[in-house]
Amino acid sequence: MNIGIVCYPTYGGSGVIATELGMALARRGWKVHFITYALPSRLDRFQQNVNFHEVEIPSYPLMEHQLYTLALASKIIDTTRFEQLDVLHVHYAIPHAISGYLAKQVLHTEGISLRVITTLHGTDITLVGLDPGFHPLVKFSIEASDAVTCVSNYLRDRTTQLFTDRSPIEVIPNFVDTTVYDRTAYPSASIRKQLVGDAALVLMHISNFRPVKRVTDTIRILAAVREHGIDAYLVLVGDGPDRAEAEHLCRTLNLCDAVRFVGKVVATAELLSAADIFLLPSQNESFGLAALEAMSCGVPVVASNVGGIPEVVTHGHNGYLAEPGDIKRMARYCIELATNPKKWQRFSSAARAAAVERFSVEHVVPQYEQLYRRLLHA
Ligand code: GMT
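Residues numbered from 1 in each chain as written. Predicted model: local features only at pLDDT ≥ 70, side-chain atom pairs only at ≥ 80, totals over all residues. Heavy atoms only, no water.

**Q** What exactly am I supposed to notice about helix 15 (residues 361–376) here?
**A** Think of an α-helix as turning once every 3.6 residues; residues three or four places apart then point the same way. Between its first and last C-alpha atoms helix 15 spans 22 Å; for 16 residues at 1.5 Å apiece the expected length is 22 Å, and the two agree. Along helix 15, the residues classified as buried are V361, V364, V365, Y368, E369, L371, Y372 and L375. Here the buried residues of helix 15 occupy an arc of 155° about the axis, which is enough to place them on one side. (Helix = DSSP H or I, 4+ residues; strand = E, 2+ residues; numbered from the N terminus. Expected span 1.5 Å × (residues − 1). Buried < 20%, exposed > 50% of the residue type's maximum accessible area, 1.4 Å probe, protein only. Arc of directions from axis to C-beta.)

Below you can see the structure in the form of structure tokens.
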């Protein structure tokens, strides 16, 4: 089967999971064609069966704005014609599902049939897609796709409430490569030493630092944990619009020596292996892929009790959940884990077990393969 994958190549969960999916499908023998405007951040090495088709965006003085949606549709048409794509799997509705639909219609006039699968990830439904200007297009693109999947039950329910009662919308959860995201695969003690010296507790957060992530809450949690007398250190991985505010808060709270900004590191497994607790205090989160990757490395999670997070993190078992913005409670949970090594160990093992038993590549990727096959034989 020839599978086209459209995604954002940037530092974000939808692009990460699309890339991981493509690489897993390629390892399982399928020919995978990524179609996007830059090499996806995790596609950092040669892999058999993986191809990359760069979307070039034409410019002409008449046009003040770039025509990405059309350029992407053109590239999909071109790739489908010459690589005989059987299915096109687009990640994030805007504008990918619209470009996919357009390409499908053009190809149809040439007698070529292309099945389009749209995977909804989060803010394409809960934030960006709700813009009144976009809503009709997102609704249309969901209804016009040959299949639609959501990454959590929460997101499926929101999609149904906010956009369409189209049926079926399948839930296929995000997944993690548990052989790569495995604490025992890395020299975690020496990585930890390099990162934070002899700090007693390492808190970590990974995101694209958008307001929805509430990055500054992680710094306030750190402050509360340190006030309790624990020599805690915070490692912030990623970058984005709230970075400056986060740095400013570190200075204001006199925490610069206890916070390390490491930037957009792509190979996050090594870093996670050096962490004690993963923080995800988001305002909303349809799944929380970074939390799952942390769990796979045996890192308990302290997160907000919102969106799809409770489908990943089980409160009191492999992590703790609190209301968004409840910094005191999140700090209390961190202190609880930091001062109870046996409990931390139990949570760590349970986090790893959840990743392996419910969210592994072997468990989830076949669900996408079945969906592709079903569409092809429909
Ligand atoms: O929806 C977004 O904010 C973009 C997207 C991304 O590319 O970072 O994140 C979403 O998709 C991820 C992968 O499925 C999920 O793990 C994130 O929870 C989700 N983000 C939000 O819902 C805020």
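On we go.
**Q** In this structure, what is going on with the sheet that holds strand 5 (residues 115–120)? I would like to understand it.
**A** Strands pair in a sheet through their backbones, by hydrogen bonds, and they do so in one of two ways: parallel or antiparallel. Sheet architecture is open: seven strands sit in the order 3-2-1-4-5-6-7, paired in parallel fashion. Strands with a single pairing partner mark the edges of an open sheet, and in this sheet they are strand 3 (50–54) and strand 7 (170–171). Across four bridges, the pairing between strand 1 (residues 2–6) and strand 4 (residues 87–91) is parallel. Of the residues in strand 4, the one forming a bridge with G4 is L88. Along the sheet, helix 1 (residues 13–27) contacts strand 1, strand 2 (31–36), strand 3 and strand 4; its crossing angle with strand 2, the most-contacted strand, is approximately 155°. (Pairing = 2+ DSSP bridges. Contact = heavy atoms within 4.5 Å. Axes fitted to C-alpha atoms, helices over the stretch in contact; angles between N-to-C directions.)

**Q** What am I meant to see in the packing of helix 11 (residues 289–296) against helix 14 (residues 341–358) here?
**A** Axes are the key here: two packed helices are described by the angle between their axes and the distance separating the axes. At a closest axis distance of 7 Å, the pairing of helix 11 and helix 14 adopts a crossing angle of 115°. Comparing the axis directions of helix 11 and helix 14 gives the class roughly perpendicular. As helix 11 runs across helix 14, the sense of the crossing is left-handed. Side by side, helix 11 and helix 14 meet where L292, M295 and S296 of the first sit next to A351, R352, A354 and A355 of the second. (Parallel < 35°, antiparallel > 145°, perpendicular 65-115°, else oblique. Left-handed = near helix turned anticlockwise from the far one by under 90°.)

**Q** How should I be thinking about unusual backbone geometry in this particular structure?
**A** Excluding glycine, a negative phi dihedral is what most residues carry, and trans is how most peptide bonds are arranged. Residue P95 is bonded to the preceding I94 through a cis peptide linkage, with omega at -10°. For P95, the position within the fold is in the loop between strand 4 and helix 3 (96–109). Residue S167 is joined to P168 through a cis peptide bond whose omega torsion reads 0°. Topologically, P168 is positioned in the loop between helix 6 (153–162) and strand 7. Phi angles above zero are rare outside glycine, and Q84 is one such case at about 50°. Looking at the secondary structure, you find Q84 in the loop between helix 2 (68–83) and strand 4. Phi is positive for R214, which is not a glycine, with a value near 55°. In this fold, R214 is placed in the loop between strand 8 (201–207) and helix 8 (215–227).

**Q** Quick question: what am I supposed to make of the site of the ligand here?
**A** Among the 17 residues in the neighbourhood of the ligand, the closest are listed as G13, S14, H121, T123 and E285. Contact between the ligand and H121: an oxygen atom at 2.7 Å from a side-chain N or O atom of the residue. Residue S286 places a main-chain N or O atom 2.8 Å away from an oxygen atom belonging to the ligand. Relative to its unbound accessible surface of 480 Å², the ligand loses 94% to contact with the protein. For the shell around the ligand, the residue count by class is four nonpolar, 11 polar and two charged. Each of two domains, domain 1 (2–175 + 360–376) and domain 2 (183–358), supplies a minimum of three residues to the shell around the ligand. (Near = heavy atom within 4 Å. Polar contact = N/O pair within 3.5 Å; in protein donor to acceptor, adjacent residues only side chain to side chain. Areas by Shrake-Rupley, 256 points an atom, 1.4 Å probe, with all protein chains shown as cover. Nonpolar A, V, L, I, M, F, W, Y, C, P; charged D, E, K, R; others polar. Domains from an automatic or database assignment.)

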